[in-house]
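# Tertiary structure, described
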Amino acid sequence: MSHTLKGAKDFMPINGTDYLELYVSNAKQAAHYYKSAFGFKSLAYRGLETGSKELESYVVVQDKIRLVLTSPLKSGTEVGKHIDKHGDGVKVTALWVDDATYAYNEAIKRGATHYMKPVTEEDEKGTVVRSGIYSYGEVVHIFVERKNYNGVFLPGFISWETPNYNPDAVGLKYVDHMVGNVALGQMNHWVKFYEEVMGFTQIMSFDDNDISTEFTALMSKVMSSGDGRIKFPINEPAPGLKKSQVDEYLEFYEGEGVQHIAVATDNIIKTVTELQDRGVEFLKVPDSYYDVLTDRVGKIDEDIEALRPLGILVDRDDEGYLLQIFTKTVQARPTMFFEIIQRKGATSFGKGNFKALFEALEREQELRGTL
Ligand code: FE2
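Residues numbered from 1 in each chain as written. Predicted model: local features only at pLDDT ≥ 70, side-chain atom pairs only at ≥ 80, totals over all residues. Heavy atoms only, no water.

Attention now moves to the overall build of the protein. Along its length, the protein carries 10 helices and 17 strands. Computed over its C-alpha atoms, the radius of gyration of the protein comes to 20 Å, within 12% of the 21 Å expected for a compact globule of 371 residues. Principal axes of the C-alpha set define a box for the protein whose edges measure 60 × 50 × 40 Å. Classification of the 371 residues of the protein by burial places 57% in the buried group. Per element, the accessible surface of the protein, about 15600 Å² overall, is 49% carbon and sulfur. The distance from the centre of the 42 positive side-chain charges to the centre of the 55 negative ones in the protein is 3 Å. (Helix = DSSP H or I, 4+ residues; strand = E, 2+ residues; numbered from the N terminus. Rg over C-alpha atoms; globule rule 2.2 N^0.38 Å. Buried < 20%, exposed > 50% of the residue type's maximum accessible area, 1.4 Å probe, protein only. Areas by Shrake-Rupley, 256 points an atom, 1.4 Å probe, with all protein chains shown as cover. Lys, Arg positive; Asp, Glu negative; His and termini not counted. Charge placed at Lys NZ, Arg CZ, Asp CG, Glu CD.)

Before going further, it helps to examine empty space enclosed by the protein. Inspection of the entire model under this criterion finds four cavities of 30 Å³ or more. Contributing to the lining of the largest cavity are 20 residues, with N235, Q259, H260, F354 and F358 lying nearest its centre. For the lining of the largest cavity, the secondary-structure elements that each account for two or more residues are β10 (172-181), β12 (217-224), β13 (231-238), β14 (257-265), β17 (337-344) and α10 (354-368). In terms of residue count, α10 provides more of the lining of the largest cavity than any other element does, four residues in total. Split by residue class, the lining of the largest cavity holds 13 nonpolar, six polar and one charged. Approximately 50 Å³ is the volume found for the second largest cavity. T17, L20, T93, V175, D176, H177, M178, R229, I230, K231 and F232 are the residues that line the second largest cavity. Counting only elements with at least two residues in the lining of the second largest cavity, the list comes to β1 (16-23), β10 and β13. Among the elements that make up the lining of the second largest cavity, the one with the highest residue count is β10 (four residues). (1 Å grid on protein atoms, 1.4 Å probe; cavity = no way out; pocket = protein on both sides within 12 Å on 5 of 7 lines; lining within 4 Å. Points joined across faces, edges and corners; volume = space filled by probe spheres on them. Nonpolar A, V, L, I, M, F, W, Y, C, P; charged D, E, K, R; others polar.)

When you tally the buried positions in strand β16 (residues 320-326), you get seven out of seven residues, the bulk of the element. Every second residue of β16 is oriented toward a common face, with G320, L322, Q324 and F326 on one face and Y321, L323 and I325 on the other, all of them buried. Alignment of strand β15 (residues 313-317) against β16, held across five bridges, turns out to be antiparallel. Pairing of V314 across the sheet is with L323, part of β16. Linkage of β15 to β16, two consecutive antiparallel strands, is achieved through a turn of two residues. (Pairing = 2+ DSSP bridges.)

What follows covers the sheet that holds strand β11 (residues 201-206). The eight strands are arranged β11-β12-β13-β10-β14-β17-β16-β15 in an open sheet whose pairing can be described as mixed. Single-partner strands in this sheet number two, and they are β11 and β15. Across the sheet, the axes of successive neighbouring strands diverge by a mean angle of 25°, strand direction being ignored. Two strands pair when backbone bridges link them, and β12 and β13 are joined in this way by eight bridges, in the antiparallel orientation. (Axes fitted to C-alpha atoms, helices over the stretch in contact; angles between N-to-C directions.)

Let us now look at the environment of Y321. Relative to the elements of secondary structure, Y321 occurs in strand β16. When the C-alpha positions of Y321 and H86 are compared, they lie 35 Å apart, and in sequence the two are 235 residues distant. Not counting the four nearest positions on each side in its chain, Y321 is found in contact with I300, D301, E302, V314, D315, R316, R343, K344, G345 and A346. (Contact = heavy atoms within 4.5 Å.)

Below, the structure is given as structure tokens:
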């Protein structure tokens, strides 16, 4: 399909994803994991040494992707309550804007639920303005205006230096899309939210005819910001014979939340080889997937025999093709995971892989006894 966004009312231009903040039970160890396994670099820190008495955060970076990993330093905090309810997961999707006060006022005027009024934070490197609204579940969008700032991350953070341990990057470039799981019957509510409050446009939809296996199904709609820099697919479970992967997420996350973060690479074979060598676990489709791959997607630049042992998937749309692979869930609860994606023209999300993939997911669910 073409990628025109003529219907977009771009009253809220967004430059890109500024950062993703995960509330996790042990930020120090999580930061080590994202460095060691995913090739992120140490960037910034706040904690007791910087006067932050309740929360500790480690910020790691790889190209344009910034992850903030936050844990409480005492009981009874909002972060601690969030972790108690949801386990580790994404709390903040921060969006880089030119004017965080304008973005907040526009969103509130159009019906958003308030999370954080515009606040100006300052240090010797300048000022940052941030504001925030609620999305699905307890997830929030924070608007970040940083045109008057040249510090390492945000005021309140200091540079996090780790001279003795800096694993190589694995080639992750930017956040391609971020998927939310919402409750049965709620998908269209959130589609409307992104249209009315954020000026996004629906660019794709999948129903249970597209995404179903013998047992389970889901429905999905993809929302895009005006210029296409931000894409948020939203899933809801569809009735099936057994519990769908979205149902399992909602049960274990105890609510709606971020299902997966898709990160782009220019060389998926190299990136995934490196990730696997460092212990990242991926979902695997049956070998037979590769026997019929050329028939399904036609000729591609990559050698299929290089994709097969890694489990990398391929799909084609009108504009080109894409390569993708999904990690297993990355925390104690079977909730959030990552996707690694390389686009070669394709602007879609891998619909042709959904069936093979969901069957692979269901084998994992079966092992957990949650299917
Ligand atoms: Fe995805």
